[in-house]
Protein chains: 2
Amino acid sequence: MEDSAHPKRPVTVADVAKAAKVSKATAARVLGGYGVVSVQIKDQVMAAAAALEYRPNELARSMSTGRSGIIGVVVGDIENAFFSLAVRGISDAARLAGFNIIIANSGEQLDAERSAVDLLIGKRVDGLIVTPARCDRLDHLQHVRRAGVPLVLFDRAIPELDVDAVTGDDREAALTATRHLIGQGHRRLAYVSAMDAERGGLTDIALISNSAVRERVEGFVSALTEADLPNPLHSVRLGATDQHQTDAVMKRLLSEISPPTALLASDSLVGLRIFKSLQSLGLSIPQDVSMISFLDADWTSVTVPPITIVDQRVYELGKLAGERLVARIERTPLAVEHLRVTTSLVVRGSVATIGR
Amino acid sequence: MEDSAHPKRPVTVADVAKAAKVSKATAARVLGGYGVVSVQIKDQVMAAAAALEYRPNELARSMSTGRSGIIGVVVGDIENAFFSLAVRGISDAARLAGFNIIIANSGEQLDAERSAVDLLIGKRVDGLIVTPARCDRLDHLQHVRRAGVPLVLFDRAIPELDVDAVTGDDREAALTATRHLIGQGHRRLAYVSAMDAERGGLTDIALISNSAVRERVEGFVSALTEADLPNPLHSVRLGATDQHQTDAVMKRLLSEISPPTALLASDSLVGLRIFKSLQSLGLSIPQDVSMISFLDADWTSVTVPPITIVDQRVYELGKLAGERLVARIERTPLAVEHLRVTTSLVVRGSVATIGR
DNA sequence: TGATATAAAGAGACCGGTCTCACAACATAT
DNA sequence: ATATGTTGTGAGACCGGTCTCTTTATATCA
């Protein structure tokens, strides 16, 4: 009933040692599970620990061992299904290896990412998985490496950084998806992304600071180019950051002289917004407009028609990143690699066949 | 280019102190931002710290201050949209107050939850938000309280525990939803949950160990009872744990002599499974069967028809829990409360009007 | 039986911060 | 000139574990 004795002060090894009438060192050996102790003493200490409800202070433990047993994860937005599923994969891989994860949100903002990384380093995480918001600013990530903390990039790669990265085969994926659209007879396509819009549209693909987005755009443009379709860059539309903006983008897009007959959404959030936009514009899929979205999100399989998607196998992506980081932490000798998880196109009903 | 000097050993206050030619105590005062130091010395130390790229060891800091700046969160399943959105709310509230969060998954398993809680306590989190898998086993949660760590229950309450809880008004919500169904003329209803099925169906509501589920069932049953509908308990179906099981549950349910004309799904995952089941059985909503789901999940607004749902305002739920915990950590004098976030029924198109 | 190996337990340094206390230097009051 | 106060700095204990080194007790061998 009453919380007598120690209303707050936590029980320490010293307390247990005193209760078990042994030295602090001996108690620590038993409780820490290292060194040698006689069975008899061990039982004594265990009994005392149980009676006192001893719980080790992991902080103190980490201090002396230098390992925290924590993996830091910096994601763009946990709320996004892509990241929450990935986190699940990372978490599973981590737990399997005896690590816990601590999550920080960057909101895709560089400065938030920077301070999150700094903080996690400060917490002495054993390793870090980061989804870099931009692939051109890498001082904070270089600092991670200099601090000797294992790092794995997730979803986006930075070749200059000489560090492991786990991503999808974004270029291939976009290429395949776009070829599919072209194969179904579409000649006027558009790629829609949530990336912040630059004034005056996209001028140079190489300027896209997010490698995943860039590769997808590259794949999309390649497919257009190989099919001799005009104005590939003009077909890339940015700024679908929320429903309102997406509605605007769509309205602009569809009121052009020769509006696209097929759309490729850069992620499932954009895909959902596009879907709603089309719905509110009274356009039907795929009769009026065809679309393909990235990510096998919940909603894509229950719409009418169900949406053709690029399956990114996000759980595997996360799991792989987790496993890779664990291997690094455990100093497994491995060459620095850019691991790509193969995606696949899941054809459902959102793409119409047009032309002859 | 080369990582000279300290290839691995992190820079400490002592290092900075030596470089700045002051005592460790003085350097610590500057770097820790406490006590008094002359501007001159302060600049000296700051310069040395910058040159050496000093980063404080938060672990050591936590050791002496006794505060870690971390809030522990134990959820059922991050992959679930309900939890990932809630985590976002918690995270936002935490960050605003200068806390970070560390997430652990229980998978709704009691023992996983227990060890997660133990581990987080060990990490000396400043507070804990837990979604208890069961509301009848509370020894580990009692231990949290005895350890003096502030605790807030999320989504489920345990009155016996005398601790803050933040939940939806589940009983009301289910009552309102069910009344809506009855009001539309439905007389044969079923409530479908993912809770593990007991042999021989549900016998006693009071035995449901998850308070959120129990309250919803209570609300559902109350509505049935007040409308003089028979067999309320028989109308509660458990075991919709995955698509396969849900298909089985649905098949059984719909092949009864007088099958239900309306379904209430206990959460959005179950809702989605039910939707898919009905789809694969060739039944149309709401002509053949009406349904209402909990949670305003992505998928519910893009189906045909869009799904009538109970809006749980999960982000607010999470945010409130985060804020409450922060208040506890900061020792704001507050009575122990069970905070309920009001939900609302969002009528869309998945409920048919039948009868006269 | 004495010398040596071996097992078990104790003493205390250490990790990297915080923080209390002592002390020095200088300013102001008496 | 001495007492008192203020401010800035240094010395060192402390947090709660781990871990090395030393000491003591017991076993093994010649």
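Remember, it's a predicted structure, so these values are computed and weren't measured experimentally.

1. Observations regarding the sheet that holds strand β5 (residues 164-168) of chain A
An order of β11(A)-β5(A)-β4(A)-β3(A)-β1(A)-β2(A)-β2(B)-β1(B)-β3(B)-β4(B)-β5(B)-β11(B) is seen for the 12 strands of this open sheet, with the pairing classed as mixed. At either end of the open sheet lies a strand with only one pairing partner, and these are β11 (338-341) of chain A together with β11 (338-341) of chain B. Direction aside, the axes of adjacent strands within the sheet are offset by 20 degrees on average. Here 4 bridges tie β5(A) to β11(A), and the two strands are oriented parallel to one another. Across the sheet, A:Ala165 pairs through a bridge with A:His338, a residue of β11(A).

2. Thoughts on the protein's contact with DNA strand D
Inspection of the region around DNA strand D gives 28 residues, with A:Val13, B:Thr26, B:Arg29, B:Ser38 and B:Ile41 positioned closest. In DNA strand D, atoms within 4 Å of the protein come from the sugar-phosphate backbone in 59% of cases. At 3.0 Å from a sugar or linking oxygen of DNA strand D is found a side-chain nitrogen or oxygen belonging to A:Tyr54. Within the contact set of DNA strand D, a sugar or linking oxygen lies 3.1 Å away from a side-chain nitrogen or oxygen of A:Ser64. Looking at the surface near DNA strand D, its residues break down into 14 nonpolar, 9 polar and 5 charged.

3. With respect to the packing of helix α6 (residues 110-122) of chain B against helix α7 (residues 139-146) of chain B
All names here are of chain B. Where α6 contacts α7, the two axes come as close as 10 Å, and the packing angle between them is 15 degrees. The angle between the axes of α6 and α7 places the two elements in the roughly parallel class. As α6 runs across α7, the sense of the crossing is left-handed. In this structure, α6 contributes Leu110, Glu113, Arg114, Val117 and Ile121 to the contact, and α7 contributes Asp139, His140 and Val144. Within the contact of α6 with α7, the residues separate by chemical class into 4 nonpolar, 1 polar and 3 charged.

4. Details of unusual backbone geometry
At the junction of A:Ile285 and A:Pro286, the peptide bond is cis and its omega measures out at 0 degrees in the coordinates. Within the element layout of this structure, A:Pro286 appears in the loop between α11 (268-280) and β9 (290-294). For the peptide bond that leads from A:Val304 to A:Pro305, omega is -5 degrees, which places it in the cis range. Positive phi outside glycine occurs at B:Asp155, with the angle close to 75 degrees. Structurally, B:Asp155 is set in the loop between β4 (151-154) and β5 (164-168). Overall, the relative accessible area of 5% leaves B:Asp155 in the buried class.

5. Here we look at the interface of chain A and chain B
Across the boundary between the two partners, chain A contributes 45 residues, which contact 45 residues of chain B. Carbon and sulfur atoms supply 57% of the area buried between chain A and chain B, which totals about 4,600 Å² over both sides. On the surface where chain A and chain B come into contact, there are 8 salt bridges. One salt bridge connects A:Arg88 with B:Glu79, and the closest N-O pair in it is separated by 3.0 Å. Viewed at the interface, chain B and chain A are joined by 14 residue pairs in polar contact (both at pLDDT 80 or more). When residues of the side of chain A that touches chain B are traced back to their parent elements, those giving at least two are α4 (58-65), α5 (81-96), β2 (100-105), α6 (110-122), α7 (139-146) and α11 of chain A. In the sheet, β2(A) pairs with strand β2 (residues 100-105) of chain B via 3 bridges, with the strands oriented antiparallel. Paired with A:Ile103 across the bridge in β2(B) is B:Ile101.

6. Let's talk about the protein's contact with DNA strand C
As a matter of local geometry, DNA strand C sits amid 27 residues, with A:Ser23, A:Thr26, A:Arg29, A:Ser38 and A:Ile41 nearest to it. In the interface set of DNA strand C, defined as its atoms within 4 Å of the protein, sugar plus phosphate atoms amount to 59%. The separation between a phosphate oxygen of DNA strand C and a polar side-chain atom of A:Thr26 is 2.6 Å. If you list the elements that add at least two residues to the surface near DNA strand C, you get α2 (24-32) and α4 of chain A together with α2 (24-32) and α4 (58-65) of chain B. With 5 residues, α4(B) is the largest single contributor of residues to the surface near DNA strand C. Broken down by class, the residue content of the surface near DNA strand C amounts to 14 nonpolar, 9 polar and 4 charged.

7. What about the confidence of the model for chain A?
Looking at chain A as a whole, the pLDDT averages 93, with 97% of positions reaching at least 70. For residues 1-6 of chain A, every residue scores under 50 in pLDDT, and the model assigns this stretch 1 contact once sequence neighbours within four places are set aside.

8. Re the relation of the copies chain A and chain B
Between chain A and chain B, the superposition needs a rotation of 180 degrees and an axial shift of 0.1 Å, giving an RMSD of 0.1 Å. Such a combination of turn and shift is consistent with a two-fold rotation axis. An overlap of 100% is found between the interface residues of chain A and their copies at the interface of chain B, pointing to a shared contact surface.

9. Focus: the side chain of B:Ser266
All names here are of chain B. For Ser266, the position within the fold is in the loop between β8 (262-265) and α11 (268-280). Judged by relative accessible area, which is 4%, Ser266 ranks as buried. Among all residues touching Ser266, those that are not within four sequence positions of it are Tyr191, Val192, Ser193, Ala194, Arg216 and Phe294.

10. Focus on empty space enclosed by the protein
Within this structure, the stated rule accounts for 1 cavity of 30 Å³ or more. Approximately 110 Å³ is the volume attributed to the largest cavity. Lining of the largest cavity is provided by 14 residues; of these, A:Leu59, A:Ile70, A:Lys123, B:Leu59 and B:Ile70 occupy positions nearest its centre. Those elements that provide at least two residues to the lining of the largest cavity are α4 of chain A together with α4 of chain B. Looking at the lining of the largest cavity, its residues break down into 6 nonpolar, 4 polar and 4 charged.

11. A closer look at the environment of A:Ser68
On the secondary structure map, A:Ser68 appears in the loop between α4 and β1 (70-75). Taking C-alpha positions, A:Ser68 is 49 Å from A:Gly349, a pair spaced 281 residues apart along the chain. With residues near it in sequence (within four places) discarded, A:Ser68 still touches A:Ser62, A:Lys123, A:Arg124, A:Val125, A:Asp126 and B:Lys123. Within polar-contact distance, the side chain of A:Ser68 engages the backbone nitrogen of A:Ile70 at 3.2 Å. In terms of polar contacts, A:Ser68 uses its side chain to reach the backbone carbonyl oxygen of A:Arg124, at 2.8 Å.

12. Structural notes on helix α10 (residues 243-254) of chain B
Residues and elements named next belong to chain B. Look at α10: 16 Å from first C-alpha to last across 12 residues, which is about the 16 Å you get at 1.5 Å a residue. Regarding α10, the residues found buried are Thr246, Val249, Met250, Leu253 and Leu254. The arc that holds the buried residues of α10, viewed along the axis, is 115 degrees, so those residues lie on one side. In α10, the exposed positions angled more than 90 degrees off the buried face are occupied by His244, Lys251 and Arg252. Structurally, α10 contributes buried residues whose contacts are with β6 (189-192), β7 (236-237), β8 and α11. The opening residue of α10, the one whose side-chain oxygen lies 3.1 Å from the backbone nitrogen of His244, is Asp242.

Conventions used here
- Residues numbered from 1 in each chain as written.
- Chains lettered and ligands numbered in written order.
- Predicted model: local features only at pLDDT ≥ 70, side-chain atom pairs only at ≥ 80, totals over all residues.
- Heavy atoms only, no water.
- Pairing = 2+ DSSP bridges.
- Helix = DSSP H or I, 4+ residues; strand = E, 2+ residues; numbered from the N terminus.
- Axes fitted to C-alpha atoms, helices over the stretch in contact; angles between N-to-C directions.
- Near = heavy atom within 4 Å.
- Polar contact = N/O pair within 3.5 Å; in protein donor to acceptor, adjacent residues only side chain to side chain.
- Nonpolar A, V, L, I, M, F, W, Y, C, P; charged D, E, K, R; others polar.
- Parallel < 35°, antiparallel > 145°, perpendicular 65-115°, else oblique.
- Left-handed = near helix turned anticlockwise from the far one by under 90°.
- Contact = heavy atoms within 4.5 Å.
- Buried < 20%, exposed > 50% of the residue type's maximum accessible area, 1.4 Å probe, protein only.
- Buried area = accessible area lost by both parts, 1.4 Å probe.
- Salt bridge = Lys/Arg side-chain N within 4 Å of Asp/Glu carboxyl O.
- pLDDT = per-residue confidence, 0-100.
- Least-squares fit on C-alpha atoms with pLDDT ≥ 70 in both.
- 1 Å grid on protein atoms, 1.4 Å probe; cavity = no way out; pocket = protein on both sides within 12 Å on 5 of 7 lines; lining within 4 Å.
- Points joined across faces, edges and corners; volume = space filled by probe spheres on them.
- Expected span 1.5 Å × (residues − 1).
- Arc of directions from axis to C-beta.

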